[in-house]
Amino acid sequence: MSSTAPVTPASASAPPDRVLAGREGSVEGRRFRIDVVQLVRRDRFVNLTFTLALTAGDGWLVHNAFSAVPQANPTIDGVYLVDTVNAKKHLVALDSAGGCVCSRTKDLSLNPGDTAVFSATFAAPPEGVKSLDVHIPHAGTLADVPLS
């Protein structure tokens, strides 16, 4: 069984964390806002949490928008971290069955004003690294997001 969790629209605009970085993005005529609300080191891993708020356009079936490649059971495995200090790209961690340790987006439908919360787990960079670049498909790269 995969350790990925389904994503559903959230009633709040973000988890109780503060916004570390944000930017606008668009896909297929729909505009959205991405806010990174958590980038936390936990032992040998880094947990990323971000929100997506649909700001303009018709309803959106998110499906493969954040997948590395189109797939029947889409996830946000297209998201990655960049450690610019050590010139390393960190892909989403995989569980023992080969599935990503990240949110799934199959059947996730958003209407303007809806917000969804996503999470992904990555291997941690060396201890001295204090920030990472976060790349999210269709939104681009959010540079120097502080790692706590």
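Rules behind the numbers
Residues numbered from 1 in each chain as written. Predicted model: local features only at pLDDT ≥ 70, side-chain atom pairs only at ≥ 80, totals over all residues. Heavy atoms only, no water. Core = buried A, V, L, I, M, F, W, Y, C linked by side-chain atoms within 4.5 Å. Buried < 20%, exposed > 50% of the residue type's maximum accessible area, 1.4 Å probe, protein only. Helix = DSSP H or I, 4+ residues; strand = E, 2+ residues; numbered from the N terminus. pLDDT = per-residue confidence, 0-100. Contact = heavy atoms within 4.5 Å. Pairing = 2+ DSSP bridges. Polar contact = N/O pair within 3.5 Å; in protein donor to acceptor, adjacent residues only side chain to side chain. Phe/Tyr/Trp six-rings, centres within 6.5 Å; stacked < 30°, edge-to-face > 60°. Lys NZ or Arg CZ within 6 Å of the ring centre and 35° of its normal.

Thoughts on the nonpolar core
Nonpolar side chains tend to gather and get buried jointly when the protein is soluble and globular. Core analysis: the biggest nonpolar cluster contains 36 residues, and Leu39, Leu48, Phe50, Trp60, Phe66 and Ile136 have the highest contact counts within it. Secondary-structure elements contributing two or more residues to this core are β2 (21-27), β3 (30-42), β4 (45-56), β9 (115-123), β10 (131-136) and β11 (140-146). Considering each element in turn, this core owes the most residues, 5 residues, to β4.

Remarks on the confidence of the model for the protein
Low-pLDDT stretches of the model should not have their predicted coordinates read in fine detail. Residues of the protein with pLDDT of at least 70 account for 89%, and the chain-wide mean is 85. For the protein, strand β1 (residues 9-10) is the element with the lowest average pLDDT, namely 42, and strand β6 (residues 80-83) is the one with the highest, namely 96. Ignoring residues within four places in sequence, the model shows residues 1-14, a span with pLDDT below 50, making 36 contacts including any to other chains.

Some remarks on the pairing of β11
Pairing geometry for β10 and β11, over 5 bridges, is antiparallel. Paired with Ile136 across the two strands is Gly140, which belongs to β11. Adjacent in sequence and paired antiparallel, β10 and β11 are bridged by 3 residues, among which His138 carries a positive phi angle near 70 degrees.

Quick notes on the environment of Val117
By secondary structure assignment, the location of Val117 is in strand β9. Relative accessible area serves as the criterion here: at 28%, Val117 is assigned to the partly exposed category. Note: C-alpha distance between Val117 and Leu52 (65 residues apart in sequence) is 6.5 Å.

Details of the side chain of Arg30
Tracing the sequence through the fold places Arg30 in strand β3. Within the structure, the side chain of Arg30 is placed 3.0 Å from the backbone oxygen of Gly59, a separation counted as a polar contact. Apart from residues lying up to four places away in sequence, Arg30 is in contact with Gly25, Leu54, Ala56, Gly57, Asp58, Gly59 and Trp60.

With respect to the packing of aromatic side chains
Inspection of the entire model under this criterion finds 5 aromatic pairs. When the ring of Phe50 is compared with that of Phe118, the centres are 5.2 Å apart and the planes differ by 20 degrees; the resulting orientation is stacked. Residue Phe50 is located in strand β4, and its partner Phe118 is located in strand β9; the two are separated by 68 residues in the primary sequence. On the basis of relative accessible area, Phe118 is assigned to the buried category, the value being 0%. Among the aromatic residues, those joined into a cluster by ring pairs are Phe32, Phe50, Trp60, Phe66 and Phe118. Positioned above the aromatic ring of Tyr80 is the side chain of Lys89, whose terminal nitrogen or guanidinium carbon lies 4.2 Å from the ring centre.

So, the pairing of β6
Regular strands show a simple pattern: their side chains alternate between the two faces of the sheet. Burial along β6 is one-sided: the face carrying Leu81 and Asp83 is buried and the face carrying Tyr80 and Val82 is not. Bridge count for β6 against strand β7 (residues 88-91) is 4 bridges, and the pairing is antiparallel. Across the sheet, residue Val82 finds its bridge partner in β7, namely Lys89. Here β6 hands over to β7 after 4 residues, with Ala87 in that stretch at a positive phi of 55 degrees. As paired elements, β6 and β10 share 3 bridges and run antiparallel to each other. Directly across from Tyr80, in β10, lies its bridge partner His135.

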